[in-house]
Amino acid sequence: MNNTTYDLIIIGSGPGGYVGAIRASQLGLKSCIIEKDKAGGVCLNVGCIPTKALVERAEIFNSLSELKSMGIRTDKSELNYAKVQKKAQTASTRLSKGISFLLEKNKVDYIQGEARKIEPSKVTLDDGTVITGTYILLATGSSPRAIPGFETDEDRVLSSTGMLAMTELPRTLTILGSGAIGIEFAYIMNSFGVKVTVVELLPRILPLEDREISEAIEASLSKQGIKFIKGTGAERMEKKDDAVDIVLSDEEKTVLSADKVLVAIGRKPNTDRIDLSLTDISINSRGFIETGDYYETGEKNIFAIGDILPSAQLAHVASMEAEIAVAHIAGKVTVERIDDTEVPSAVYCEPQAASFGMKEPEEENAEITVSRFPFTGNGKAKATGHSEGLVKIVSDKEGHILGAHIAGRNASEMIHELLLAKKEGITLDRLAEMIHVHPSLSESIMEASKEAYDGAIHL
Ligand code: FAD
């Protein structure tokens, strides 16, 4: 028995849990965080951070060809991937330590252990310890989704976690799934010289993105050497001595043979190992927890946020949900749950994809304007050799932004100008007259805005 009675018990220290804990402390709540693994959750340890560290190294490696054009000789065969992997791990370890430091600084009690049973005001850990508190925040995140018949062994058939632990490059890699995780690893591995084939059941890659953005990213990644097989599923997997075969469900029953396979078909919420039976929390058929306006569950003192909810599985979503829930618990007047049309997301390859809100409707819609500007018309993009992709804005007749989509260099940074405009009701005519630095990639946002009215200048 832990003798402290907390105002708030948080389960899970990912970007949902740790942000919630720090905010709780700032709002005067005595809280603890229970974590079964490392501080920082998936995002810091086996998600956002190590993948972006690898993407950065992949870009540096790619740019070696540029050095050659400047007369500088480099030998790509000297690549030591174990060192690249270690750098990514080091970034994660440092940030995880940083989270532990922040939690300590904010006087949050860190309890190492697995929460196994939740009751109103009570959490029981795997070693039998009971923690009591007025409120509970569930932030247990998600794990790679397995497909029967394609079980991961983290040796030759890998999840994203296994990919990040890999210290030697395979010669060939088959990736099942072309969502953000599949595409980021495809880009990383292809950059380091691995022959990559991506299999996608749906007719296009990055199916959650606007069609034109998916197509722009696919065109660019195909040019870089990644092979895409779309509209076909993986029927079965056969592990051989020297390869893993994936048999496709097409008429020919095509066999893809590779050294390794990455299964990247989504993530499942971590609700299956916690006993919630003594609560009124409702879980949908896919294991996600249902919540109300402030992320409260059916049990009035228990809240849930992050990847265990059916909302977008993104770190910044988990963090904002935590802030809203905790502020509500602390009795602060806050905004209600996140507006899904204002959630930005990004895919980190080169070029990047970044977007929020409404996509271009598949059918003609006289109420909607779609304006775009290609980076081929942008001076900075041309000068720096990054002229692939476009800025695309979906707006209503009054010029209010409904959605925006960018494929291109630094898209993940550029998207915020458009999101701020949407949030604040700034119409496209105002964005079109806002002076942008020259030369900058962001001028393409101004140009796409002009295109919705009198026309872009550099088209
Ligand atoms: P998590 O980060 O999953 O943390 C949950 C924590 O709870 C874990 O530490 C876990 O050990 C702990 N836990 C679980 N059960 C228990 C229990 N019973 N008792 C105690 N502790 C428990 N998102 C982005 O926004 N941008 C990106 O670029 C991005 N890249 C990604 C790349 C990869 C390869 C992956 C896998 C994910 C990526 N994501 C990205 C998604 C992002 O990591 C998640 O959306 C985010 O981590 C969710 O945060 P969370 O707090 O809900 O849960």
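Given the structure is predicted, the values throughout are model-derived calculations rather than measurements.

1. Notes on the overall build of the protein
Moving on, step 1. Along the backbone of the protein there are 13 helices and 22 strands.
Moving on, step 2. A compact globule built from 459 residues should have a C-alpha radius of gyration of about 23 Å, and the protein, at 24 Å, falls within 12% of that.
Moving on, step 3. A principal-axis box enclosing the C-alpha atoms of the protein has dimensions of 65 × 60 × 45 Å.
Moving on, step 4. Pairs at least 24 residues apart make up 64% of the contacts formed inside the protein by residues separated by at least 6 positions.
Moving on, step 5. Taken as a whole, the protein presents about 21,600 Å² of accessible surface, with 51% of it coming from carbon and sulfur.
Moving on, step 6. When the 51 basic and 67 acidic side-chain charges of the protein are each reduced to a single mean position, those positions are 6 Å apart.

2. Observations concerning the sheet that holds strand β20 (residues 368–374)
Moving on, step 1. Taken together, the five strands give an open sheet; going across it, the order is β18-β19-β22-β21-β20, and neighbouring strands pair in antiparallel fashion. Looking at strand neighbours, the two that pair on one side only are β18 (345–347) and β20, the edges of this open sheet. Here the strands of the sheet are splayed against their neighbours by 10 degrees on average, with no regard to which way each runs.
Moving on, step 2. Relative to strand β21 (residues 390–396), β20 is paired through seven bridges, and the arrangement is antiparallel. By the bridge assignment, Pro374 is partnered in β21 with Leu390.

3. Thoughts on the packing of helix α3 (residues 48–62) against helix α5 (residues 81–105)
Moving on, step 1. The contact between α3 and α5 brings their axes to 8 Å, and the two run at 140 degrees. By the angle class used here, α3 and α5 are oblique. Considering only the axes of α3 and α5, their crossing is right-handed. In this structure, α3 contributes Ile49, Pro50, Ala53, Leu54 and Arg57 to the contact, and α5 contributes Tyr81, Val84, Gln85, Lys87, Ala88, Ala91, Ser92 and Leu95.
Moving on, step 2. Residues belonging to the contact of α3 with α5 are distributed by class as follows: nine nonpolar, two polar and two charged.

4. What about the UniProt feature "active site" (unreviewed entry) in the protein?
Moving on, step 1. According to UniProt, the positions carrying the feature "active site" (unreviewed entry) are His438.
Moving on, step 2. As for its placement among the helices and strands, His438 is situated in the loop between α12 (428–433) and α13 (443–451).

5. Comments concerning the pattern of salt bridges
Moving on, step 1. Under the defined criterion, the tally for this structure stands at 23 salt bridges.
Moving on, step 2. Here Lys240 ties to Asp245 by a salt bridge, and the two come within 2.4 Å at their closest N and O atoms.
Moving on, step 3. A salt bridge links Arg372 to Glu360; the nearest nitrogen and oxygen atoms lie 3.0 Å apart. Here the residue Arg372 occupies a position in strand β20, and Glu360 occupies one in the loop between β19 (352–357) and β20, the gap between them amounting to twelve residues.
Moving on, step 4. Connected through salt bridges with shared partners, the residues Asp210, Glu212, Glu360, Arg372 and Lys392 form a single ionic network.

What counts, and at which threshold
- Residues numbered from 1 in each chain as written.
- Predicted model: local features only at pLDDT ≥ 70, side-chain atom pairs only at ≥ 80, totals over all residues.
- Heavy atoms only, no water.
- Helix = DSSP H or I, 4+ residues; strand = E, 2+ residues; numbered from the N terminus.
- Rg over C-alpha atoms; globule rule 2.2 N^0.38 Å.
- Contact = heavy atoms within 4.5 Å.
- Areas by Shrake-Rupley, 256 points an atom, 1.4 Å probe, with all protein chains shown as cover.
- Lys, Arg positive; Asp, Glu negative; His and termini not counted.
- Charge placed at Lys NZ, Arg CZ, Asp CG, Glu CD.
- Pairing = 2+ DSSP bridges.
- Axes fitted to C-alpha atoms, helices over the stretch in contact; angles between N-to-C directions.
- Parallel < 35°, antiparallel > 145°, perpendicular 65-115°, else oblique.
- Left-handed = near helix turned anticlockwise from the far one by under 90°.
- Nonpolar A, V, L, I, M, F, W, Y, C, P; charged D, E, K, R; others polar.
- UniProt positions renumbered as here; feature names shortened; annotations may be inferred.
- Salt bridge = Lys/Arg side-chain N within 4 Å of Asp/Glu carboxyl O.

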